[in-house]
Amino acid sequence: QVQVVESVGGLVQPGESLRLSCAASGFTFSLYDTSWYRQAPGEVRELVGRIIAGGSTKYQDSMKGRFTIFRDNAKNTVYLQMNSLKPEDTAVYYCNARRIWLGKVYDYWGQGTQVTVSS
């Protein structure tokens, strides 16, 4: 059975750090491009960044220097490390694994997890 399970987010204060995890079952992350998205209340979903199958990472400009995406192949888990968090980082964060192979789209989503940054 294919599953993408995200860790629980939480409430943190501005300037603090938080790590989210995204664990896959039924497929192998290293064959997929895995992205983190977020959606704040009343706003559209936006891309935070992604790690492609080969291991390279890309980030939105506003996330560079604060957010890091990395993968543990042994655990089949992708992480989002968030540092220097700001109130505007408050959102529901989603993990997505996507692969296009021979014209077929494989697209799996985590359940979403709430991150709230507030003093």
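Calculation criteria
- Residues numbered from 1 in each chain as written.
- Predicted model: local features only at pLDDT ≥ 70, side-chain atom pairs only at ≥ 80, totals over all residues.
- Heavy atoms only, no water.
- Buried < 20%, exposed > 50% of the residue type's maximum accessible area, 1.4 Å probe, protein only.
- Helix = DSSP H or I, 4+ residues; strand = E, 2+ residues; numbered from the N terminus.
- Pairing = 2+ DSSP bridges.

A. Structural view of the pairing of strand 8 (residues 77–82). Within strand 8, 6 of the 6 residues are buried, which leaves the element mostly enclosed by the surrounding structure. The alternating pattern of strand 8 places Thr 77, Tyr 79 and Gln 81 on one face and Val 78, Leu 80 and Met 82 on the opposite face, and all of these are buried. Pairing analysis gives 6 bridges linking strand 3 (residues 18–25) to strand 8, with the strands arranged antiparallel. Across the sheet, the residue bridging to Ser 21 is Tyr 79, located in strand 8. As judged from the 6 bridges shared by strand 7 (residues 67–72) and strand 8, these two strands associate in the antiparallel manner. Paired with Phe 67 across the two strands is Met 82, which belongs to strand 8. In this antiparallel pair of consecutive strands, strand 7 and strand 8, the connection spans 4 residues, and Asn 76 shows a positive phi of 55°.

B. Main features of unusual backbone geometry. You will see that Asn 76, though not glycine, has its phi angle at about 55°, which is positive. As for its placement among the helices and strands, Asn 76 is situated in the loop between strand 7 and strand 8. Note on Asn 76: relative accessible area 16%, which makes it buried. The residue Leu 102 is not glycine, and still its phi comes out positive at about 55°.

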